[in-house]
Amino acid sequence: MKKQGVSNAFVAASWIALGAGMIGFIVGLVRAEMLLNEKGYYFTILLYGLFAVISLQKAVRDRLENIKVTDIYYGICWFATISSIVLLTIGLFNATILPSEKGFYAFAFLLALFGAIAVQKNTRDNMTQE
């Protein structure tokens with residue numbers, strides 16, 4: 001019996017969440033009145049966070065499917081994910097921007113991370129269906 005794949009609606013919703021989070025965050029940075037090095041910091045944290053959650057999702061899924069993942073790599077994935085969120089939080093806490101802007105960046109970042117996890121999950125699920 002063939003396993004049912006991921007629905008097209010969930011795949012679309014995942015890509016929309018990833019796109020909305022990333023594009024919203026980046027457009028916010030482009031339009032922000034902050035120094036270029038500050039913009040670079042936040043952009044780097046976005047890329048770091050996206051890579052970290054994708055890697056973490058893969059490591060967690062590999063372990064669930066009894067594919068060997070070393071403890072050190074698994075720990076690094078968790079560390080990278082948590083540290084990206086902590087670094088964004090510290091940056092926003094110390095930023096001289098409006099509280100509404102801080103909230104915007106935080107939610108766009110979290111939406112992008114969620115979207116990246118969901119897209120990775122869907123990709124993995126659809127690969128196992130073939």
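Residues numbered from 1 in each chain as written. Predicted model: local features only at pLDDT ≥ 70, side-chain atom pairs only at ≥ 80, totals over all residues. Heavy atoms only, no water.

### Considerations on the packing of helix 2 (residues 36-64) against helix 3 (residues 71-94)
Here is the rule we go by: For helices, the fitted axis covers only the stretch in contact; all axes are lines through C-alpha atoms, and the angles between them, taken along N-to-C directions, range from 0 to 180 degrees. Each helix is a run of DSSP H or I of at least 4 residues and each strand a run of E of at least 2, with the numbering of both proceeding from the N terminus. For classification purposes, angles smaller than 35 degrees are called roughly parallel, those larger than 145 roughly antiparallel, those between 65 and 115 roughly perpendicular, and all remaining angles oblique. Left-handed is the label given to a crossing in which the near helix is rotated counterclockwise from the far helix by less than a right angle, and right-handed is the label when the rotation is clockwise. Under the grouping applied here, Gly and all other residues not named as nonpolar or charged are polar, the nonpolar ones being Ala, Val, Leu, Ile, Met, Phe, Trp, Tyr, Cys and Pro and the charged ones Asp, Glu, Lys and Arg.
Where helix 2 meets helix 3, the closest approach of the two axes is 8 Å, and the angle between their N-to-C directions is 150 degrees. Between helix 2 and helix 3, the angle falls in the class roughly antiparallel. The handedness of the crossing between helix 2 and helix 3 is left-handed. Per-class residue counts for the contact of helix 2 with helix 3 are 17 nonpolar, six polar and two charged.

### As for helix 2
Given 3.6 residues per helical turn, the α-helix brings residues three or four places apart onto the same face. Inclusion rule: One fewer than the residue count of a helix, multiplied by 1.5 Å, yields its expected span.
Here helix 2 is 29 residues long and its end C-alpha atoms lie 42 Å apart, about the 42 Å a rise of 1.5 Å per residue gives. The first or second residue beyond helix 2 is Asn66, which carries a positive phi of 60 degrees.

### Comments concerning the environment of Phe51
Relative to the assigned elements, Phe51 resides in helix 2. Sequence spacing of Phe51 and Ile117 is 66 residues, and the spatial spacing of their C-alpha atoms is 9.8 Å.

### Details of the nonpolar core
Convention followed: Only buried residues count toward a nonpolar core. Its members are Ala, Val, Leu, Ile, Met, Phe, Trp, Tyr and Cys residues joined through side-chain atoms within 4.5 Å. For every residue, the accessible area obtained with a 1.4 Å probe (protein chains only) is divided by the maximum for its type, and the residue is called buried under 20%, exposed over 50%, and partly exposed between those limits. Any two residues whose heavy atoms approach within 4.5 Å are treated as being in contact.
One finds Phe25, Met34, Tyr42, Leu50, Leu88, Tyr105 and Phe109 to be the most contacted residues of the largest nonpolar core, which totals 21 residues. Ranked by the residues each element gives to this core, the list is headed by helix 4 (residues 99-129), at seven residues. Excluding its chain neighbours within four sequence positions, the residues that come into contact with Phe109 are Phe25, Ile45, Leu46, Gly49, Ser84, Ile85 and Leu88.

### Quick word on the UniProt feature "transmembrane region" (unreviewed entry) in the protein
Where we set the bar: UniProt positions are given in the numbering used here, feature names are shortened, and annotations may be inferred rather than shown by experiment.
Residues annotated by UniProt as "transmembrane region" (unreviewed entry) correspond here to residues 9-29, 41-60, 72-97 and 103-119. Here residues 72-97 is 88% helix and 0% strand, with 38 Å between the C-alpha atoms at its ends. As annotated, residues 103-119 has a helix share of 100% and a strand share of 0%, and its two end C-alpha atoms lie 24 Å apart.

### Topic: the UniProt feature "domain: YiaAB two helix" (unreviewed entry) in the protein
As annotated in UniProt, the feature "domain: YiaAB two helix" (unreviewed entry) corresponds to residues 10-62 and 73-125 in the numbering used here. Overall, residues 73-125 shows 92% helix and 0% strand. The separation of its end C-alpha atoms is 22 Å.

### Focus: unusual backbone geometry
With phi around 60 degrees, Asn66 is a residue other than glycine that occupies positive phi space. One can find Asn66 in the loop between helix 2 and helix 3. Classification of Asn66 by relative accessible area gives exposed; the value is 73%.

### Here we look at the pattern of salt bridges
When charged atoms on two side chains of opposite charge get close, those side chains can pair. Rules: Salt bridge, as used here, is a side-chain nitrogen of Lys or Arg placed within 4 Å of a carboxyl oxygen of Asp or Glu.
Under the criterion given, the structure shown has seven salt bridges. Across the pair Lys58 and Asp62 runs a salt bridge whose closest N-O atoms are separated by 2.6 Å. One end of the pair, Lys58, and the other, Asp62, are both in helix 2, four residues apart, so they sit about a helical turn from each other. In this structure, Asp125 engages Lys121 in a salt bridge whose closest nitrogen and oxygen atoms are separated by 2.3 Å. Taken together, the positions of Asp125 and Lys121, both in helix 4 and four residues apart, correspond to about one turn of that helix. Residue class for Asp125 comes out buried when judged on its relative accessible area of 12%. With relative accessibility at 32%, the residue Lys121 sits in the partly exposed group.

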